[in-house]
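Observations on the three-dimensional arrangement
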Amino acid sequence: MDAWALTTLLCVAALAGWVDAVVGGGGLVLLPALLVAAPGVPVATALGTNKLAAIFGTSTAAVTYARRTKLDWVVAGPAAGLAVVTAGLGAALAGAVPAGAYRPVVLVVLLAVAVFVVARPRLGTVAAPARRTRWRVVVAVLVAGLAVALYDGLIGPGTGTFLVVAFTALVGADFVHSSAMAKVVNAGTNLGALVVFGVGGHVWWWLGAAMAVCNVAGASVGARMALRRGTGFVRAVLLLVVVALVARLGYDQWVVG
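Scope of this entry: the structure provided in the associated data block. (Residues numbered from 1 in each chain as written. Predicted model: local features only at pLDDT ≥ 70, side-chain atom pairs only at ≥ 80, totals over all residues. Heavy atoms only, no water.)

All right, on to the packing of helix α1 (residues 3-22) against helix α8 (residues 175-199) then. Running from N to C, α1 and α8 point in directions that differ by 120 degrees, and their axes come no closer than 8 Å. One way to sum up the angle between α1 and α8 is to call them oblique. Residues D20, A21 and V22 of α1 form the contact with α8, whose participating residues are S179, K183 and N186. A breakdown of the residues in the contact of α1 with α8 according to their chemical character gives 2 nonpolar, 2 polar and 2 charged. (Axes fitted to C-alpha atoms, helices over the stretch in contact; angles between N-to-C directions. Helix = DSSP H or I, 4+ residues; strand = E, 2+ residues; numbered from the N terminus. Parallel < 35°, antiparallel > 145°, perpendicular 65-115°, else oblique. Contact = heavy atoms within 4.5 Å. Nonpolar A, V, L, I, M, F, W, Y, C, P; charged D, E, K, R; others polar.)

See below:
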């Protein structure tokens, strides 16, 4: 990898950290850049190296949120614990699932998310504590700690976005607090997947460490911006990331094949 490619990749890692801290979806930015900067890199190695960078960024964002806002640990704690194991399982199965098998499903889910958020303009703008019943808390933990975590281990991009929408829709958190919980769970998914990829030899440690430094810088700025600018800002970035994810996966599905 030449100096120009490395510099570009490090800048992209910082941008990915910012996106992840605000609403998730940093993998959409960083994974394609890594694949372009290192032609021929195995997908599992790209995923593993991305996880090394991402775990530092998401952990930094989680700490920033925890210091400045109240986290719902009853939801985030158990979900993060489950996520470590489930994402590790997903990472172990990552090579067995062809891309064509998941892209259409993810596209449909993302489109549904976009329609849901647009159709409900007040969603996430203010908290809805009445929605936080015991069974909804259980469902939120299972959705985040099992379904979304498995997806993160298998595929990755968009995980934080799915978590934000899940926490907002299921337990009535506003977008800022949902994003805070999402960072905690996303740190768990990154840890579980990283352990599996690392044991399998699918991590470029020095490159991942350099990317992690930049990812942390971007995540720190992104978390502070989300907290300062509030739910309207997070909602706008959420919709932008969902549209970008749909465009990227649609391109992969129908143009690249």
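Looking now at the pattern of salt bridges. Following the criterion strictly, the structure yields 2 salt bridges and no others. Between D152 and K51 there is a salt bridge, with the nearest N and O atoms lying 2.6 Å from each other. Of this pair, D152 sits in helix α6 (residues 134-154) while K51 sits in helix α3 (residues 43-68), and the two are 101 residues apart along the sequence. K51 matches D152 in its accessibility class, with the two residues each being buried. (Salt bridge = Lys/Arg side-chain N within 4 Å of Asp/Glu carboxyl O. Buried < 20%, exposed > 50% of the residue type's maximum accessible area, 1.4 Å probe, protein only.)

All right, on to the packing of aromatic side chains then. The full count for this structure, using the stated rule, is 2 aromatic pairs. Pairing W18 with F233 gives two aromatic rings, centres 6.1 Å apart and planes at 80 degrees, and the pair type is edge-to-face. A residue pair is termed long-range when its members are at least 10 positions apart, and W18 in helix α1 and F233 in helix α10 (residues 231-256) qualify at 215 residues. Ring centres of Y151 and F162 lie 5.4 Å apart, and the angle between their planes is 80 degrees; on these two criteria the pair is classed as edge-to-face. Note that Y151 is positioned in helix α6 and F162 in helix α7 (residues 159-171), a separation of 11 residues in sequence. Positioned over the ring face of F233 is R229, at 5.3 Å from the centre of the ring. (Phe/Tyr/Trp six-rings, centres within 6.5 Å; stacked < 30°, edge-to-face > 60°. Lys NZ or Arg CZ within 6 Å of the ring centre and 35° of its normal.)

Moving on, we come to the side chain of T231. Looking at where T231 falls in the secondary structure, it is placed in helix α10. Ignoring any residue separated from it by four or fewer positions in sequence, one finds T231 in contact with G124, T125, D174, F175 and V176.

Once that is clear, we can look at the environment of V213. Looking at the secondary structure, you find V213 in helix α9 (residues 205-229). The spatial distance from the C-alpha of V213 to the C-alpha of V203 is 16 Å, given a sequence separation of 10 residues.

On to the packing of α3 against α8, then. To characterise two packed helices, one gives the angle between the axes of the helices and the distance between these axes. Where α3 meets α8, the closest approach of the two axes is 8 Å, and the angle between their N-to-C directions is 145 degrees. Between α3 and α8 lies a crossing of left-handed hand. Along the contact surface, α3 presents A44, L47, G48, K51, L52, A54, I55, T58, S59, A61, A62 and Y65, while α8 presents V176, S179, A180, K183, V184, N186, A187, N190, L191, A193, L194 and F197. Each residue belonging to the contact of α3 with α8 can be placed in one class, and the counts come to 16 nonpolar, 6 polar and 2 charged. (Left-handed = near helix turned anticlockwise from the far one by under 90°.)

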